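Chain residues, written in single-letter form:
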Amino acid sequence: TAIWRENGMENEQQIGPFAAFVLLSSATWDVEKCRTNLAEDWGIAFSDDACDRSRGNLVFDVDGMTVVIGLMTTPVPGGEAEHNAATNYLWPDAVETTKKHRAHLLVAVLGGGHKALEIGTLWVKIVAACCKQDNALGVYACGTVFEPKYYLAASQAIRQGELPIYNWVYFGLYTTDAGTSAYTYGLKPFGKDEMEVLNTQARPSDLRDYLFDLAYYVLSEDVRLNEGETIGFSEEQKLPIIRSESAVMDGMTLKIGYPEDYSSH
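As a starting point, this report considers the structure included with it. (Residues numbered from 1 in each chain as written. Predicted model: local features only at pLDDT ≥ 70, side-chain atom pairs only at ≥ 80, totals over all residues. Heavy atoms only, no water.)

Re the overall build of the protein
Thinking step 1. Regarding its fold elements, the protein presents seven helices and 14 strands.
Thinking step 2. In terms of overall size, the protein behaves like a compact globule, its C-alpha atoms giving a radius of gyration of 19 Å where 265 residues would be expected to give roughly 18 Å.
Thinking step 3. In terms of overall dimensions, the protein has a C-alpha envelope of 60 × 40 × 30 Å along the principal axes.
Thinking step 4. Taking all 265 residues of the protein together, 52% fall into the buried category.
Thinking step 5. Across the protein, the fraction of contacts at a sequence separation of at least 24, relative to all contacts at a separation of at least 6, is 64%.
Thinking step 6. In the structure as shown, the protein presents an accessible area of about 12,500 Å², 49% of it carried by carbon and sulfur atoms.
Thinking step 7. Within the protein, the 37 negative side-chain charges are centred at a point lying 5 Å from the centre of the 21 positive side-chain charges. (Helix = DSSP H or I, 4+ residues; strand = E, 2+ residues; numbered from the N terminus. Rg over C-alpha atoms; globule rule 2.2 N^0.38 Å. Buried < 20%, exposed > 50% of the residue type's maximum accessible area, 1.4 Å probe, protein only. Contact = heavy atoms within 4.5 Å. Areas by Shrake-Rupley, 256 points an atom, 1.4 Å probe, with all protein chains shown as cover. Lys, Arg positive; Asp, Glu negative; His and termini not counted. Charge placed at Lys NZ, Arg CZ, Asp CG, Glu CD.)

With respect to empty space enclosed by the protein
Thinking step 1. Throughout the structure, instances matching the rule amount to one cavity of 30 Å³ or more.
Thinking step 2. Lys192, Asp193, Met195, Val218, Val223, Arg224, Leu225 and Leu254 together form the lining of the largest cavity.
Thinking step 3. In the lining of the largest cavity, the residues fall into five nonpolar, no polar and three charged. (1 Å grid on protein atoms, 1.4 Å probe; cavity = no way out; pocket = protein on both sides within 12 Å on 5 of 7 lines; lining within 4 Å. Points joined across faces, edges and corners; volume = space filled by probe spheres on them. Nonpolar A, V, L, I, M, F, W, Y, C, P; charged D, E, K, R; others polar.)

Details of the layout of surface pockets
Thinking step 1. Empty space within the largest pocket amounts to approximately 940 Å³.
Thinking step 2. Every residue lining the largest pocket is counted, 37 residues in all, and those nearest its centre are Cys142, Gly143, Tyr185, Gly186 and Glu194.
Thinking step 3. Mapped by element, the contributors of at least two residues to the lining of the largest pocket are strand S2 (18–24), helix H2 (80–85), strand S7 (136–141), strand S10 (179–185) and strand S14 (252–256).
Thinking step 4. It is S2 that provides the largest number of residues to the lining of the largest pocket, a total of four residues.
Thinking step 5. Within the lining of the largest pocket, the residues separate by chemical class into 19 nonpolar, 11 polar and seven charged.

Quick look at helix H1 (residues 31–42)
Thinking step 1. Here H1 contains 12 residues, and its C-alpha end-to-end distance of 16 Å stays within 8% of the 16 Å for a straight helix at 1.5 Å per residue.
Thinking step 2. Considering only its buried residues, H1 is in contact with strand S3 (51–52), strand S4 (57–62), strand S5 (65–72), helix H4 (116–131) and helix H5 (148–155). (Expected span 1.5 Å × (residues − 1).)

Remarks on the packing of aromatic side chains
Geometry of an aromatic ring pair is reported as the spacing of the ring centres plus the angle between the planes.
Thinking step 1. Under the definition given, this model contains 16 aromatic pairs.
Thinking step 2. Measuring from ring centre to ring centre gives 5.1 Å for Phe18 and Phe190, while their planes differ by 80 degrees; the resulting arrangement is edge-to-face. Of this pair, Phe18 sits in strand S2 while Phe190 sits in the loop between S10 and strand S11 (195–200), and the two are 172 residues apart along the sequence.
Thinking step 3. With a centroid separation of 4.7 Å and an interplanar angle of 55 degrees, the aromatic rings of Trp168 and Phe190 are classed as tilted. Of the two residues, Trp168 is situated in helix H6 (residues 165–168) and Phe190 in the loop between S10 and S11; the sequence distance between them amounts to 22 residues.
Thinking step 4. Its relative accessible area of 6% is what places Phe190 among the buried residues.
Thinking step 5. Through a chain of ring-to-ring contacts, three or more aromatic side chains come together here, namely Tyr89, Phe146, Tyr150, Tyr151, Tyr170, Tyr174 and Tyr183. (Phe/Tyr/Trp six-rings, centres within 6.5 Å; stacked < 30°, edge-to-face > 60°.)

Details of the state of the cysteines
Thinking step 1. Enumeration over the complete set of coordinates arrives at zero disulfides.
Thinking step 2. Free cysteine: Cys34, not disulfide-bonded; nearest cysteine sulfur from Cys130 at 4.4 Å.
Thinking step 3. Accessibility expressed as a relative area gives 0% for Cys34, which makes it buried.
Thinking step 4. Here Cys142 is not cross-linked by a disulfide; its sulfur's nearest cysteine counterpart is in Cys131, at 12 Å.
Thinking step 5. The exposure class of Cys142 is buried, given its relative accessible area of 11%. (Disulfide = S-S within 2.5 Å.)

Here we look at the sheet that holds S2
Paired through backbone hydrogen bonds, the strands of a sheet run either parallel or antiparallel to each other.
Thinking step 1. Ordered in space as S3-S4-S5-S6-S2-S7-S8, the seven strands form an open sheet in which the pairing is antiparallel. The open sheet has two edge strands with one neighbour each: S3 and strand S8 (144–146).
Thinking step 2. With two bridges connecting them, S3 and S4 associate as antiparallel partners. Its bridge partner being in S4, Cys51 is matched across the sheet by Leu58.
Thinking step 3. Those strands touched by H4 are S2, S4, S5, strand S6 (103–110) and S7, and its axis lies near 155 degrees from that of S6. (Pairing = 2+ DSSP bridges. Axes fitted to C-alpha atoms, helices over the stretch in contact; angles between N-to-C directions.)

This is the structure we're talking about:
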């Protein structure tokens with residue numbers, strides 16, 4: 001997708017953390033199954049001394065990045081996972097399934113100076129392997145809970161040479177009397193501002209696709225959009241960018257104009 005922007009100025013922002021919780025129906029996990037899945041699916045190996053079997057923790061190195069998988073033998077505290085599962089409009093059983101979790105795996109990748117896309121790609125591979133645990137119920141990440149089979153399917157973008165945007169970014173949608181709005185949740189670990197498109201008359205699917213295109217552009221080209229710039233899908237199109245407090249989450253987000261002819265894009 002060709003995207004034009006004007007008045008671009010780059011700013012460095014801190015990257016990370018890249019962390020997710022894989023929700024489990026019981027307080028156990030199969031390290032050997034994880035080892036097999038990582039090797040067969042992604043060609044990733046770890047040594048026996050990487051595993052603290054008494055505590056169920058795994059720490060190993062991949063190309064200078066540190067992978068941490070830790071078993072937490074209790075549910076995610078405070079009903080946080082159940083609350084956020086309610087945002088996933090793609091999985092009707094998200095809340096009920098999330099309520100059944102009794103433990104979780106903390107899955108994190110520490111960068112060691114690597115670029116965000118490299119860290120994020122390794123992170124998706126590790127989380128995807130953990131999704132294949134027999135007692136895996138969901139992945140709590142990006143402000144929602146993903147169904148394991150959805151997460152696994154989305155991770156296949158890596159094999160196709162594409163960015164696994166749907167693993168990295170959740171595209172929230174909601175409708176009010178003012179119109180249909182959408183937001184991203186997941187750009188911040190890459191050092192980018194989250195984005196919102198507010199109060200449109202667009203179809204929800206078009207709005208999600210539009211934000212997907214913008215997120216893919218921002219991450220693949222490693223640009224940071226800023227207040228006062230314009231963006232568009234042609235040289236003539238100049239959609240405004242405003243940075244202000246989010247309508248739905250904590251902190252500042254970029255409000256991006258929506259091209260009403262986008263569905264024909």
